[in-house]
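So the chains spell out like this:
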Amino acid sequence: MATLASPAPPIAPRFTHWNQRLDPAALAHIPGDGGPPVIGNTFRMLADPHAFAAGMIARYGKVYRNRAFGGWSVMLCGAEANELVLLDRDRIFSSEQGWGPMLERLFPRGLMLLDFDKHRADRRALSIAFKPAPMRHYMDALNRGIAARVSAWGVGPMRFYPAIKELSLDLAAESFLGLPWGPESAKINRAFVDTVAASVTPIRRALPFTAMKRGVDGRAFLAGYFTREIAKRRSGEGVGQDMFSQFATAAGDSGALLPVGEVVDHMIFLMMAAHDTITSSASSLVYYLARHPEWQDTLRAEAMAVTRGHDLAYEDLAKLELTEMAFKEALRLIPPVPSMPRRALRDFEFGGYRIPAGAGLGINIHWTHHAEEYWPEPMRFDPMRFTREAEKARHKYAWVPFGGGAHMCLGLHFAYMQVKVLMAQLLSRYRIELADGAEVAWQPWPIPKPRGGLRIELSPL
Ligand code: HEM
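Residues numbered from 1 in each chain as written. Predicted model: local features only at pLDDT ≥ 70, side-chain atom pairs only at ≥ 80, totals over all residues. Heavy atoms only, no water.

Q: What should I look at first to understand the sheet that holds strand E13 (residues 455-460) in this one?
A: Hydrogen bonding along the main chain pairs the strands of a sheet, whether they run parallel or antiparallel. One open sheet accounts for 3 strands, arranged E5-E13-E10; its pairing is antiparallel. If you trace the sheet from one side to the other, it starts and ends with strand E5 (156-159) and strand E10 (430-434), each paired once. Each adjacent strand pair in this sheet contributes to an overall mean axis angle of 30°, direction not counted. The pairing of E5 with E13 spans 4 bridges and is classified as antiparallel. Paired with Arg159 across the bridge in E13 is Arg455. (Pairing = 2+ DSSP bridges. Helix = DSSP H or I, 4+ residues; strand = E, 2+ residues; numbered from the N terminus. Axes fitted to C-alpha atoms, helices over the stretch in contact; angles between N-to-C directions.)

Q: Got a minute to help me understand the layout of surface pockets in this structure?
A: The gaps left among the atoms become clear once a water-sized probe is rolled over them. Taken as a whole, the second largest pocket spans an internal volume of roughly 600 Å³. Every residue lining the second largest pocket is counted, 26 residues in all, and those nearest its centre are Lys328, Trp399, Met408, Leu412 and Tyr416. Elements represented by at least two residues in the lining of the second largest pocket include exactly helix H13 (321-333) and helix H16 (412-427). For the lining of the second largest pocket, the element with the highest residue contribution is H16, accounting for 5 residues. Its residues placed into classes, the lining of the second largest pocket shows 15 nonpolar, 5 polar and 6 charged. (1 Å grid on protein atoms, 1.4 Å probe; cavity = no way out; pocket = protein on both sides within 12 Å on 5 of 7 lines; lining within 4 Å. Points joined across faces, edges and corners; volume = space filled by probe spheres on them. Nonpolar A, V, L, I, M, F, W, Y, C, P; charged D, E, K, R; others polar.)

Q: Got a minute to help me understand the site of the ligand in this structure?
A: Contacts to the ligand come from 30 residues, most closely from His119, Arg123, Arg342, His407 and Cys409. One of the backbone nitrogen or oxygen atoms of Met112 is found 3.5 Å away from an oxygen atom of the ligand. One of the side-chain N or O atoms of His119 is found 2.6 Å from an oxygen atom in the ligand. Looking at the shell around the ligand, the elements that each hand over two or more residues are helix H5 (116-126), helix H11 (260-291), strand E6 (339-344) and H16. Looking at the shell around the ligand residue by residue, the classes come out as 22 nonpolar, 6 polar and 2 charged. (Near = heavy atom within 4 Å. Polar contact = N/O pair within 3.5 Å; in protein donor to acceptor, adjacent residues only side chain to side chain.)

Q: Explanation requested: the nonpolar core in the structure shown.
A: Here is a general trend for soluble globular proteins: nonpolar side chains tend to be buried in one another's company. Leu76, Phe160, Phe176, Phe226, Phe348, Ile355 and Phe414 are the most contacted members of the largest nonpolar core, which totals 140 residues. Counting residues per element, this core draws most heavily on H11, at 17 residues. (Core = buried A, V, L, I, M, F, W, Y, C linked by side-chain atoms within 4.5 Å. Buried < 20%, exposed > 50% of the residue type's maximum accessible area, 1.4 Å probe, protein only.)

Q: Honestly, the side chain of Arg346 in this entry has me stumped. Any pointers?
A: Following the sequence through the fold, Arg346 ends up in the loop between E6 and strand E7 (348-350). Despite its burial, Arg346 pairs with no opposite charge, the nearest such side chain being Asp90 at 5.9 Å. At 2.3 Å, the side chain of Arg346 and the backbone oxygen of Asp90 are in polar contact. (Lys, Arg positive; Asp, Glu negative; His and termini not counted. Salt bridge = Lys/Arg side-chain N within 4 Å of Asp/Glu carboxyl O.)

Q: Looking at this model, I keep getting lost on H13. Mind explaining?
A: Because each turn of an α-helix spans 3.6 residues, side chains separated by three or four positions end up pointing in the same direction. The end-to-end C-alpha distance of H13 is 19 Å, a good match for the 18 Å that 13 residues give at a rise of 1.5 Å each. The element H13 is extensively covered by neighbouring structure, given that 10 of its 13 residues are classed as buried. On its buried face, H13 is in contact with H11, helix H12 (293-307), helix H14 (365-369), helix H15 (388-393) and H16. (Expected span 1.5 Å × (residues − 1). Contact = heavy atoms within 4.5 Å.)

Q: Sorry if this is basic, but what is going on with the pairing of E13 here?
A: The two faces of the sheet receive side chains in turn, since in a regular strand these alternate between them. Where E10 lies against E13, 5 bridges are found, and the strand directions are antiparallel. If you follow Arg431 over to E13, its bridge partner there is Ser459.

Q: Explain H11 here, please?
A: For H11, built from 32 residues, the straight-helix expectation of 46 Å at 1.5 Å per residue is met to within 8% by its first-to-last C-alpha distance of 47 Å. Extensive coverage of H11 is indicated by the burial of 28 of its 32 residues.

Q: Where do I start with the pattern of salt bridges in this structure?
A: Any two side chains of opposite charge can pair, so long as their charged atoms come close to each other. Applying the stated criterion across every chain yields a total of 30 salt bridges. Here Lys62 ties to Glu373 by a salt bridge, and the two come within 3.1 Å at their closest N and O atoms. Of this pair, Lys62 sits in the loop between helix H2 (49-60) and strand E2 (63-68) while Glu373 sits in the loop between H14 and H15, and the two are 311 residues apart along the sequence. Each of Glu229, Lys232, Arg233 and Asp242 takes part in a single network of salt bridges with overlapping partners.

Q: Would you mind showing me how to read the environment of Gly78 here?
A: By secondary structure assignment, the location of Gly78 is in the loop between strand E3 (71-76) and helix H3 (79-87). Taking C-alpha positions, Gly78 is 7.1 Å from Lys62, a pair spaced 16 residues apart along the chain. Filtering out sequence-adjacent residues up to four positions away, Gly78 remains in contact with Trp367, Thr368 and Tyr374.

Q: Could you clarify how one ought to interpret the packing of aromatic side chains in this entry?
A: The geometry of two aromatic rings is summed up by the distance between their centres and the angle between their planes. The final tally for this structure, using the stated rule, is 15 aromatic pairs. Ring centres of Trp153 and Phe160 lie 5.9 Å apart, and the angle between their planes is 75°; on these two criteria the pair is classed as edge-to-face. The exposure class of Phe160 is buried, given its relative accessible area of 0%. Between Tyr288 and Phe381 the ring centres are 5.1 Å apart and the planes differ by 0°, which places this aromatic pair in the stacked class. Placement of the pair is Tyr288 in helix H11 and Phe381 in the loop between H14 and H15, with a sequence separation of 93 residues. The same class applies to Tyr288 as to Phe381, namely buried. Following the ring pairs from residue to residue traces out a cluster consisting of Phe327, Trp375, Phe386, Trp399, Phe402 and Tyr416. (Phe/Tyr/Trp six-rings, centres within 6.5 Å; stacked < 30°, edge-to-face > 60°.)

In structure tokens, the structure reads:
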């Protein structure tokens, strides 16, 4: 069990930004290794992050230190570690300084880049966009957009991953921004795709012709567009039930509207948080259903019984219980966010080790989701792991694809909604098979995606 090493002083002022380095000697008592000189374990990790983590845990245990991407960090693995870090009862762990190195340049001041009181206040203001009335509005847009596109796919072969990526972008234009599909939303989508691609590019300087340069330009385009639009929406022009209109008119704790720059940053961040995660998880669910036709038939029967040939109604979302269980199982097997970083702001103890303030930390969601101590036969696709009884019997933090605690995914109900609408529309029209009839390899990092784009064959029922 985790305990605090000493009575909690106010948050340590020593580490206020992620680029302040901790002397690696402060971690020397924690088992682990730094790999070859200079590059450390970076390439071994990138080649196969899951095999790498499993090897480190087998050698050193569930708390180990590692050197990659130019610095040392401590990995804390398993459900107890997830609970300690995500719940963060003692306000030890900074999300801002954990995600900062990857996201600060392109997604500053997004919710995951805020901590504690400021984070809580902004999160409360943004939560209005996920209340039932706007959610019903998004649901209508999803039903319309998904029905049109899924019927246009038609029978025959297709690559599912790029198709669902494009569909999700188009849907976001309407639900997130309140824009009809057209040249303006196409430009926004392009700028957005460039911004996201830049957040994970290895070259971190915006040199000409690099992905980072395209990302920085994309971000500047989005910021300009949102800044102009906020003024319009606040004056009532184009204001609707979309997320952006909700954010533009949201009030903070003081009752005043959020500053324009903050609305811009929240909006850009939210689009990023929503996009590849939904694309990845919808693809993994389709992949597992193609591999398990018996589950595909079960979900089809459920969807048809609930919708009776109509669009899925908002009130009926909860009736798609088996669909939800299958989605949860897909999220277990291929979690879109396989690990989550934090930085310790104070000393703490875990697993028998004292971990000092300033240490970069990671929790490994993918490993926990495959650990036999929580998941017998972990590689088997079995949605029955998510019956209510089975969920109650398991450690609450053994399944955390949406994180937990203060930073738990704000859009998780939106994600369930989009995937349920997609399944209802897709399964009531087509049978899905893998085109090559073979195993599909997944690129594991940074957000899993199927190599080759997931080639499937849609056939009539
Ligand atoms: C299957 C789809 C999704 C998955 C697996 C997912 C996963 C996650 C995870 C793991 C976090 C927390 C990261 C951390 O604590 O370090 C997170 C945060 C967040 N997600 Fe999602 N997400 C998904 C979809 C969405 C969607 C659709 C939206 C918006 C509509 C969204 C918006 C956010 C936001 C705003 C945060 C930051 C919350 C905060 O820091 O308070 N996500 N998501």
